[in-house]
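The residues making up each chain are set out below.
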Amino acid sequence: VVTRDDVEESLKEVWQYVKNEEQLLKDLHSQIEEVDQKFLVKKAERDYWLEYKNVGSKIDAEKIMKLEKDIKRVKDDHHRTAEYYRNTLKAAKEEKDRLIEEHMKLCKEEAPEKAVRYLDKNSRREIVENEWLKEEVKVYQKQVSDLKASIQLLEEENISLVTKLIDSRLQHLRV
């Protein structure tokens, strides 16, 4: 039996953990949006400089190449960052699920112990006696299996003795 306080406490812990994870997710989304904004700014610069290049300016061709490299680098950074945050989010969700599962397992394991604490003396004594009886049953079952094995051996010995006796009588009859 799990008390209402235990359940409420567990739910509060889970709720706080989920709230923290949601905040982390919001932060990750805002960072991704910032990277997207940088990407759009760099792309706009690239478009401007490409147009300028096509008009015939050879002086700024080197700047255009640098900007294209920057755009490529920003794209790569964006992809790496997005992948990192996706993996981080996935790992965080898995960790959250694992922690919840462990907590639930722990609660299930502790529930009988907590329930026993709240029982009266007679009920606790009955539980102790029940455990003792289970142990006694195991002892008696072992004794029964030992006795069965002994009986089996004795029966086999009796069969061999009867066989020998019959064989010796057959030999006396032949004589």
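Each remark here, short or long, concerns the structure printed above.
Residues numbered from 1 in each chain as written. Predicted model: local features only at pLDDT ≥ 70, side-chain atom pairs only at ≥ 80, totals over all residues. Heavy atoms only, no water.

## Considerations on the pattern of salt bridges
One pass over the structure, following the stated rule, counts 13 salt bridges. In this structure, the salt-bridge partner of R4 is E8, at a minimum N-O distance of 2.9 Å. With R4 and E8 both in helix α1 (residues 4-55) and 4 residues apart, the pair spans about one turn of that helix. According to the relative accessible area criterion, R4 is exposed, its value standing at 66%. E135 serves as the salt-bridge partner of K138, at 3.9 Å between the closest nitrogen and oxygen. Of this pair, K138 and E135 both sit in helix α3 (residues 121-174), separated by 3 residues, roughly a single helical turn. For E135, a relative accessible area of 44% translates into the label partly exposed. Beyond isolated ion pairs, a larger network of salt bridges with shared partners links D70, R73, D77 and R80. (Salt bridge = Lys/Arg side-chain N within 4 Å of Asp/Glu carboxyl O. Helix = DSSP H or I, 4+ residues; strand = E, 2+ residues; numbered from the N terminus. Buried < 20%, exposed > 50% of the residue type's maximum accessible area, 1.4 Å probe, protein only.)

That is the geometry; function is a separate question.
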